[in-house]
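# A look at the structure
Here's the letter readout for the chains.
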Amino acid sequence: MQVNDNFEPVIVAFCCNWCSYAGADLSGTNRLNYPTNVKIIRVPCSCRVNPMFILRAFQKGADGVIICGCHPGDCHYTSGNYFTRRRITLLYSMLDFLGIERNRTRLEWVSAAEGAKFAATMEQFTADVKALGPNRRLEDLRCRKQ
Amino acid sequence: MQRIGVFVCHCGTNIAATVDVKAVAEALGHEPGVVISQDYQYMCSESGQQLVKNAIKEQKLTGVVVCSCSPRMHENTFRKAAASAGLNPYLVEIANIREQCSWIHKDIATATDKAIILGKAAVAKVHLNTPLNSMESPVVKRALVIGGGIAGIQTALDIAEAGFEVDIVEKQPTIGGKMAQIDKTFPTLDCAACILTPKMVEASQNEKITIHSFSEVEDVKGFVGNFTVKIKKKARYVDETKCTGCGLCTEKCPMKKVPNEFNMGLDNRSAVYIPFAQAVPKVATIDPNYCMMLKTGKCGVCSKVCSAGAIDYKQKDTIIEQKYGAIVVATGFNPINLDKYDEFAYNQCPDVVTSLELERLMNAAGPNGGTLLRPSDKSHPHTIVFVQCVGSRCDDEKGKPYCSKICCMYTAKHAMLIREKYPDTEVYVFYIDVRTPGKNFDEFYRRAVEQYNVHYIKGMVGKVTPKSDGKIDVQASDLLANEQLHIDADMVVLAAAIEPDKTARPLATMLTTQMDTNDFFTEAHPKLRPVESATAGIFLSGACQGPKDIPETVAQGSAAAAKAIGLLCKNSITCNPCVAHSNELMCNGCSSCEKVCPYGAITYIDKEFRMPDRTTKIRRVASVNPAVCQGCGACTVACPSGAMDLSGFSNSQIMAEVDAICK
């Protein structure tokens with residue numbers, strides 16, 4: 001695939017308030033760099049992320065969406081991340097059907113103590129999405145800013 | 001029409017050094033609905049907050065966006081400021097441009113662009129914020145302490161002192177925990193039983209304290225101020241109310257070959273037993289794994305000798321259900337299992353013991369009545385080798401990565417006590433580092449070296465080999481002298497690492513509290529909230545939070561009590577208003593949301609609706625109990641008709657954020 005060196009992907013990260021958002025804060029406190037492409041949306045729990053939000057992001061021109069939650073068993077709300085895991089698995093099969101690369105969507109467990117993991121995950125995910133190139137299949141061109 | 005104010009913080013140079021704050025304020029000023037956009041050095045300071053308050057009043061703002069540090073840091077500060085200026089606190093949104101922007105990026109241009117986008121997302125969200133009002137929820141004036149060691153006892157005594165009812169749940173037949181097994185305490189060398197047992201008695205006699213011994217927490221439901229806990233009282237086959245603790249049954253019981261857990265298996269007890277003389281409650285317990293009557297139905301000696309008629313072979317586990325306002329976790333620690341440490345021959349040689357076993361061997365109430373004898377042949381040991389850091393500060397799978405903290409001090413104590421009682425005994429201590437911070441601790445260690453001539457050798461023991469003549473060959477390296485050593489020892493004592501009790505993890509799941517990778521409970525803030533868990537209403541006491549010695553444990557126990565009392569004093573607490581709500585007109589009563597709710601907050605009600613043809617119809621619709629809902633949002637995604645939404649994080653708000661970021 002043709003790789004455009006100047007391509008800067010738009011990446012939306014949904015982070016649960018208790019683990020991953022705190023993990024993102026920790027990577028900030030520890031001054032661990034990750035690309036500016038990643039913009040974080042705070043949600044109370046990863047299970048608040050409706051798959052519709054992910055599709056909406058792609059429709060509006062996001063090139064990658066990552067959902068971060070507490071590790072299995074550590075959910076602040078006991079079982080929320082298990083719901084997320086199932087929902088994202090279902091979403092994957094739908095994205096497969098639509099022919100959307102799997103690597104554009106990722107589910108990752110990041111605890112409040114894993115600032116380094118958060119930064120490394122974002123670094124890797126941005127590189128993966130960059131390699132895939134822009135999201136053309138799902139972007140609604142009517143939504144594109146003129 | 002919305003009137004939104006944007007306030008961009010410099011945070012000194014924390015934000016301003018990598019983000020062009022003026023450009024951010026300028027760019028956000030052009031966003032729809034924004035009527036005022038300002039920047040300031042320290043927005044969280046008194047004058048910064050005043051700036052926000054004045055703007056709210058003068059500009060009649062309907063929404064506020066603060067571009068500053070993480071909302072986990074100052075969201076409450078700005079919400080309070082808004083409330084004092086007459087704006088609903090939930091009309092404030094924070095754009096995190098410090099932790100998630102200025103601190104992680106170096107290039108000013110891209111960081112500024114990102115800050116603007118984060119600001120735009122917050123503006124887009126605040127457009128859709130609605131005023132929310134917190135509900136009040138009553139506080140049950142009773143506390144539960146899980147674990148009856150010194151941490152739990154101290155916490156319970158302090159809470160009872162303040163006038164609140166406290167229940168202690170202890171899984172062993174007696175309270176007292178690990179401290180009851182210890183012989184002497186450092187650095188004062190006073191006897192542990194002498195200082196602990198009066199506290200145990202005080203706890204049992206305090207009318208505010210109820211002790212549920214031989215019991216375990218089975219289930220926890222509810223939330224801060226209103227937990228419902230199921231406690232399983234395990235069958236002890238003895239009626240607690242009748243047993244006088246005379247001990248006649250334990251003497252007459254024919255089954256005497258049961259390893260005595262209290263003495264670390266170094267001697268035996270009978271199948272019906274009282275763990276130790278000062279046990280509280282002093283009530284016998286029948287061990288069903290060994291009791292002949294319970295196993296085969298033939299024996300019944302204890303019931304014959306019991307004059308109080310307390311023996312009840314048909315007793316069953318019972319469940320008690322009780323409501324609590326606060327829960328304190330004090331589950332404590334255990335030494336790690338040394339099975340994987342073949343090099344120390346712990347399983348092969350009875351004269352290789354752990355430090356806790358040595359405590360029992362030296363204790364006057366221990367298996368040898370206080371005389372230190374080798375477990376193998378009951379002879380007096382002349383050379384004793386102590387090995388420190390067995391499993392602590394380990395980078396492999398076998399051990400623990402952390403320092404167990406208490407081992408350096410108790411090893412110095414053991415070495416000193418042995419040298420004092422048996423001056424003819426040579427004592428060697430192998431260490432990686434000696435860590436003795438604490439009041440009078442380093443003086444104590446130096447006394448062991450200088451006054452008692454304990455041989456401290458920096459180096460690790462490589463191999464321990466039992467020899468045929470009963471001696472133990474200890475092969476070690478002396479790192480300072482750079483030589484290999486062989487010591488003919490009579491006993492080897494291993495300072496085993498400590499780990500959280502095995503019951504802690506299932507308990508953490510029940511309590512929905514967080515644990516670290518080593519299974520220690522995580523505190524809400526490592527420095528500023530050390531005795532609270534991140535889950536409201538759950539407090540941490542003692543070694544369940546991390547390795548601790550007795551003074552620290554007691555201090556933390558009292559601190560946890562103070563926090564619990566602070567909660568119990570309140571008649572009601574303010575609930576989080578960011579909870580789910582269902583749109584009754586859209587709900588079709590399918591029960592999808594009820595099934596995913598981890599709190600049981602959703603019930604169904606039959607509601608009468610007016611139909612377009614002026615008739616009425618009764619439909620089943622979901623109804624959320626806002627006092628029970630914790631606001632996770634699982635139901636909002638499960639709802640097939642889109643009737644369920646979450647205040648504060650509504651579908652439209654999150655969609656607006658997504659749009660703002662993607663555009």
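Residues numbered from 1 in each chain as written. Chains lettered and ligands numbered in written order. Predicted model: local features only at pLDDT ≥ 70, side-chain atom pairs only at ≥ 80, totals over all residues.

### Considering the overall build of chain A
To keep things clear, this is the line we draw: Secondary structure follows DSSP: runs of H or I at least 4 residues long count as helices, runs of E at least 2 residues long count as strands, and numbering of each begins at the N terminus. Atoms considered for the radius of gyration are the C-alpha atoms alone. The globule rule reads 2.2 Å times the number of residues to the power 0.38. To assign burial, the other C-beta atoms lying within 10 Å of each residue's own C-beta are counted, with C-beta atoms placed from the backbone; 20 or more indicates buried, 12 or fewer indicates exposed, and intermediate counts indicate partly exposed. Contact between two residues is assigned when their C-beta atoms, built from the backbone, lie within 7 Å.
Within chain A one finds four helices and four strands. In chain A, the order of α-helices and β-strands from amino to carboxyl end is β-α-β-α-β-α-β-α. Relative to the 2.2 N^0.38 estimate, which gives 15 Å for 146 residues, the radius of gyration of chain A is 15 Å and therefore close to what a compact globule would have. With the C-alpha coordinates aligned to their principal axes, the bounding extent of chain A is approximately 40 × 35 × 25 Å. Looking at the 146 residues of chain A, the share that counts as buried comes to 58%. Taking contacts inside chain A between residues at least 6 apart in sequence as the whole, the part at least 24 apart equals 82%.

### Some remarks on the packing of helix α11 (residues 355-362) of chain B against helix α12 (residues 407-421) of chain B
Residues and elements named next belong to chain B. Which entries qualify depends on this criterion: Helix axes use the C-alpha atoms of the stretch in contact, all axes being lines fitted to C-alpha atoms, and the angles between their N-to-C directions lie in the range 0 to 180 degrees. Left-handed describes a crossing whose near helix is turned anticlockwise from the far helix through less than a right angle; right-handed describes the clockwise counterpart. By the convention adopted, Pro, Cys, Tyr, Trp, Phe, Met, Ile, Leu, Val and Ala count as nonpolar, Lys, Arg, Asp and Glu as charged, and the other residues, Gly among them, as polar.
Here α11 crosses α12 at 35 degrees, and the two axes come no closer than 11 Å. At the point where α11 passes α12, the crossing takes the left-handed sense. Contact residues: α11 offers Ser-355, Leu-358 and Met-362, while α12 offers Tyr-410, Thr-411, His-414 and Leu-417. The residue makeup of the contact of α11 with α12, split by class, is four nonpolar, three polar and no charged.

### A short note on the interface of chain B and chain A
The partner chain A presents 41 residues to the 40 residues of chain B that form the contact. Broken down by element, the residue count for the side of chain B that touches chain A peaks at eight residues, all from helix α18 (residues 651-662) of chain B. Classifying every residue of the side of chain B that touches chain A by side-chain character gives 20 nonpolar, twelve polar and eight charged.

### Here we look at the pairing of strand β1 (residues 4-9) of chain B
Residue and element names in this part refer to chain B. We apply this condition: Pairing between strands is defined by DSSP: at least two bridges between them are needed.
Across the six residues of β1, six count as buried, placing the element largely inside the fold. By the alternation rule, side chains of β1 split into Ile-4, Val-6 and Val-8 and Gly-5, Phe-7 and Cys-9, which are all buried. Pairing analysis gives six bridges linking β1 to strand β2 (residues 34-40), with the strands arranged parallel. Opposite Phe-7, over in β2, you have Gln-38 as the bridge partner. Two strands pair when backbone bridges link them, and β1 and strand β3 (residues 63-68) are joined in this way by five bridges, in the parallel orientation.

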